[in-house]
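Examining the three-dimensional arrangement
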Amino acid sequence: MARSDDGQCVEQNGGPTALTPSATVWRTCREGKRQAAGPDPSTTERTQNTVGGPDRGSDTRPGDGLHGTDAPAVGEERTDVEPVGVQPDETVPFREAIRAWVAVAAASFGGPAGQIAVMHQQVVERRAWVDDDRFLNALNYTMLLPGPEAHQLAVYLGWLLHGTLGGVVAGTLFVLPGFVAMLLFGTIYVLFRSAPVVPALFFGLKAAVIAVVFLAVVRLGRRTLSNALLVAVAVAAFVAMYAYAVPFPAVVLGAGVVGWVGYRLRSTTPAAPAPPAAHTVDGEGVDDDRDADAADTTTGRTVRGASSTAGPGHAPGVTAGLARRPTWRGTARTAVVWTAVWLAPLVPLVVVFGLGSVLVTEAVFFAGVAAVSFGGAYAALAFVAFLGAFRNPGGLDPLVAGLLGATVAGWFTYLPSYLWIFVGAPYVEALRENEALSAALSAVTAAVVGVIANLGAWFGVQVLFAERLTWTGVGARVVLPVAATVDPAAVVIAVGAGVAIGYLGQSIPRTIGAAAFLGIGLQMGVG
């Protein structure tokens, strides 16, 4: 039910809603409806309020409880829920969330860019559990953290949906396929690396990954680079890293400062005052304020406008992560528990294998990597650890040592993600209405688009061209491809994969598999 031009409540989507997210209007319309005689009529009109881009239309797939007529379209405000707290029937079924994370994990190719794109497709576009506003808010935060940002984003989204358990399950399922793949690749490499089929297989995979990364950068850029300043930040980040090798933390810090300063400059520009608007609903005066304060009965805090717990920021599943107000005591307890979980395996490793064993060395090394490094393909670290332990097995069978080494690397690399998210995410959500902070984080995400583009450009030059040259000047050092050494087969696979995924709608796993077999055929002269 929404307020019409004459101040009356009207029905929408078979339930009471309002044209404005004001909690007061919602309650007034609802109470007025209860006083009206007769059953609630169903109607045919939906109010749409896009966030972060144009409306994409509604996805009506009735019968699954998630995509029925009540589900909002991507980027659309959910207007059929009360914007003052979370209702039990809004919770995403845990089993359905598990299926979603399995789907995300199965399609997560192409490094962080590809993984982030897949998560957005599954969680935002397909299921509308989280909208663009909150997804980008989570992404902005994870880009500031050391360690695997895509894994941290999965943990964050899982925490939003089902609290700590949801974060653990989402993060674990996200990591498992890549971890198993690295074990398989490591085993194949050490046992069959002399067989010509192995390099041919990797040739097709590498070429297809170029397309996956390119499409992911394009999609992420379309959603995050919403103005000229953010575009400039992304370009500057690309140039800084590709040509000048500026460290990632410096790029991120600089982008945050630019975003914050840009917001301050805009906020000091005087704006024309808007005339106050007040409307009457069922005989009562109500402010038509889209940012009206709404008391969140779940968290016990005042939320600025429905956008904090409803509308743009509140999809059907965003409940568990917002159920508690962060406190310093709870934060300290969480930090102690997850730090202990992260570092506890060091004790049995030292006791069983000795302080000088390769497994203990790898544990300490990868713990440090997770704590201080930013960006990169962290899944490959399991492959590196597998080879290191395989070649230095001590008294173990080499394959067993390799398996243990990869497991150690995975544990000490990915466990800190849970620590960073469970400690910091509650505060990030509490500060979502801080516009200066949001502007700084948005600039950080824009910079990360440039950083990912830098990684994709470097990888593409290495895979598509046999020879490269280095140009130096004005303090820059730029790696350029030698055009005459382009590999036509790699270009064919990369372009074909891009067309299959970007235009024909083929899934990433299917495309990657086809590219691997095509690489074998082209490299070995078959077909």
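Residues numbered from 1 in each chain as written. Predicted model: local features only at pLDDT ≥ 70, side-chain atom pairs only at ≥ 80, totals over all residues. Heavy atoms only, no water.

A closer look at the packing of aromatic side chains
Per the counting criterion, the structure on display carries 11 aromatic pairs. Measuring from ring centre to ring centre gives 5.5 Å for Trp-338 and Tyr-418, while their planes differ by 25°; the resulting arrangement is stacked. Residue Trp-338 is found in helix α9 (residues 328-343), and its partner Tyr-418 is found in helix α13 (residues 398-430); the two are separated by 80 residues along the sequence. The pair formed by Trp-338 and Tyr-418 is uniform in burial state, with each residue classed as buried. On the numbers, 6.3 Å between centres and 10° between planes, the contact of Phe-386 with Phe-390 is stacked. Taken together, the residues span about one helical turn, with Phe-386 and Phe-390 both in helix α12 (residues 380-391) at a distance of 4 residues. By relative accessible area, Phe-390 is classed as partly exposed at 21%. Here the aromatic cluster, defined as three or more aromatic residues joined through ring pairs, consists of Tyr-141, Tyr-156 and Trp-159. The lysine or arginine in question, Arg-127, covers the ring of Trp-129, its NZ or CZ lying 5.5 Å from the ring centre. (Phe/Tyr/Trp six-rings, centres within 6.5 Å; stacked < 30°, edge-to-face > 60°. Helix = DSSP H or I, 4+ residues; strand = E, 2+ residues; numbered from the N terminus. Buried < 20%, exposed > 50% of the residue type's maximum accessible area, 1.4 Å probe, protein only. Lys NZ or Arg CZ within 6 Å of the ring centre and 35° of its normal.)

Here we look at the nonpolar core
With 109 residues, the main nonpolar core has Trp-101, Met-119, Phe-135 and Tyr-156 as its most contacted residues. Considering each element in turn, this core owes the most residues, 16 residues, to helix α5 (residues 149-192). If we skip the residues at most four places from it in the chain, Tyr-156 touches Asn-137, Ala-138, Tyr-141, Ile-421, Ala-425, Val-428 and Glu-429. Ala-243, Val-461, Ala-476 and Val-478 belong to the second-largest nonpolar core, a separate cluster that totals 5 residues. (Core = buried A, V, L, I, M, F, W, Y, C linked by side-chain atoms within 4.5 Å. Contact = heavy atoms within 4.5 Å.)

Things to note about the pairing of strand β7 (residues 468-473)
The sheet contact formed by β7 and strand β8 (residues 476-481) spans 6 bridges and is antiparallel. From the neighbouring strand, Leu-469 faces β8, where its bridge partner is Leu-480. Connecting β7 to the next strand, β8, in antiparallel fashion are 2 residues, including Val-474 with a positive phi near 45°. (Pairing = 2+ DSSP bridges.)

A closer look at the environment of Thr-445
Checked against the element boundaries, Thr-445 lands in helix α14 (residues 435-464). When the C-alpha atoms of Thr-445 and Ala-255 are compared, they prove to be 8.5 Å apart, with 190 residues separating the residues in sequence. Look past the residues within four positions of Thr-445 in its chain and what remains in contact with it is Leu-139, Asn-140 and Thr-224.

Brief notes about helix α15 (residues 488-502)
Taking 1.5 Å of rise per residue, the 15 residues of α15 would be expected to cover 21 Å, and the 21 Å separating its terminal C-alpha atoms lies within 8% of that figure. Those residues of α15 lying buried are Ala-489, Ala-490, Ile-493, Ala-494, Ala-497, Gly-498, Ala-500 and Ile-501. Across the axial projection of α15, the buried residues extend over an arc of 165°, all falling on one side. When the buried face of α15 is taken as reference, the exposed residues oriented beyond 90 degrees from it are Pro-488, Val-492 and Val-495. Where α15 is buried, its residues meet α6 (197-224), α14 and α16 (508-524). A distance of 3.1 Å separates the backbone nitrogen of Ala-489 from a side-chain oxygen at the start of α15, and that oxygen is part of Asp-487. (Expected span 1.5 Å × (residues − 1). Arc of directions from axis to C-beta. Polar contact = N/O pair within 3.5 Å; in protein donor to acceptor, adjacent residues only side chain to side chain.)

Quick word on the side chain of Gln-152
Along the polypeptide, Gln-152 turns up in helix α5. Contact partners of Gln-152, with chain neighbours within four places excluded, come to Thr-142, Leu-145, Pro-146, Gly-147, Ser-417, Trp-420 and Ile-421.

Regarding the pattern of salt bridges
The tally for this structure, following the rule as stated, stands at 6 salt bridges. With a shortest N-O distance of 2.5 Å, Glu-96 and Arg-99 are connected by a salt bridge. Placement of the pair is Glu-96 and Arg-99 together in helix α2 (residues 94-106), with a separation of 3 residues, close to one helical turn. Owing to a relative accessible area of 47%, Arg-99 belongs among the partly exposed residues under this scheme. Among the ionic pairs, Arg-223 bridges to Glu-125, the shortest N-O distance being 2.8 Å. Note that Arg-223 is positioned in helix α6 and Glu-125 in helix α3 (residues 111-126), a separation of 98 residues in sequence. (Salt bridge = Lys/Arg side-chain N within 4 Å of Asp/Glu carboxyl O.)

Things to note about the environment of Gly-262
By the secondary structure assignment, Gly-262 is in helix α8 (residues 248-267). We classify Gly-262 as buried; its relative accessible area is 12%.

Here's the deal with the packing of α9 against α13
In contact at an axis separation of 9 Å, α9 and α13 are set at 175° when each is read in the N-to-C sense. In this view, α9 runs roughly antiparallel relative to α13, as classed from their interaxial angle. Packed against α9, whose contacting residues are Trp-328, Thr-331, Thr-334, Ala-335, Trp-338, Thr-339, Val-341, Trp-342 and Leu-343, the element α13 presents Trp-411, Phe-412, Leu-415, Pro-416, Tyr-418, Leu-419, Phe-422, Val-423 and Tyr-427 at the interface. Partitioned by chemical class, the residues of the contact of α9 with α13 number 15 nonpolar, 3 polar and no charged. (Axes fitted to C-alpha atoms, helices over the stretch in contact; angles between N-to-C directions. Parallel < 35°, antiparallel > 145°, perpendicular 65-115°, else oblique. Nonpolar A, V, L, I, M, F, W, Y, C, P; charged D, E, K, R; others polar.)

Details of α13
In a regular helix each residue adds 1.5 Å, so 33 residues correspond to 48 Å; α13 covers 49 Å between its end C-alpha atoms and thus fits that length. Taken as a whole, α13 carries its principal kink of about 40° at Gly-424; the proline Pro-426 stands between one and four residues after it. The N-terminus of α13 is capped by Asp-397, whose side-chain oxygen sits 3.0 Å from the backbone nitrogen of Leu-399. (Bend = angle between axes of the 7 residues up to and from the residue.)

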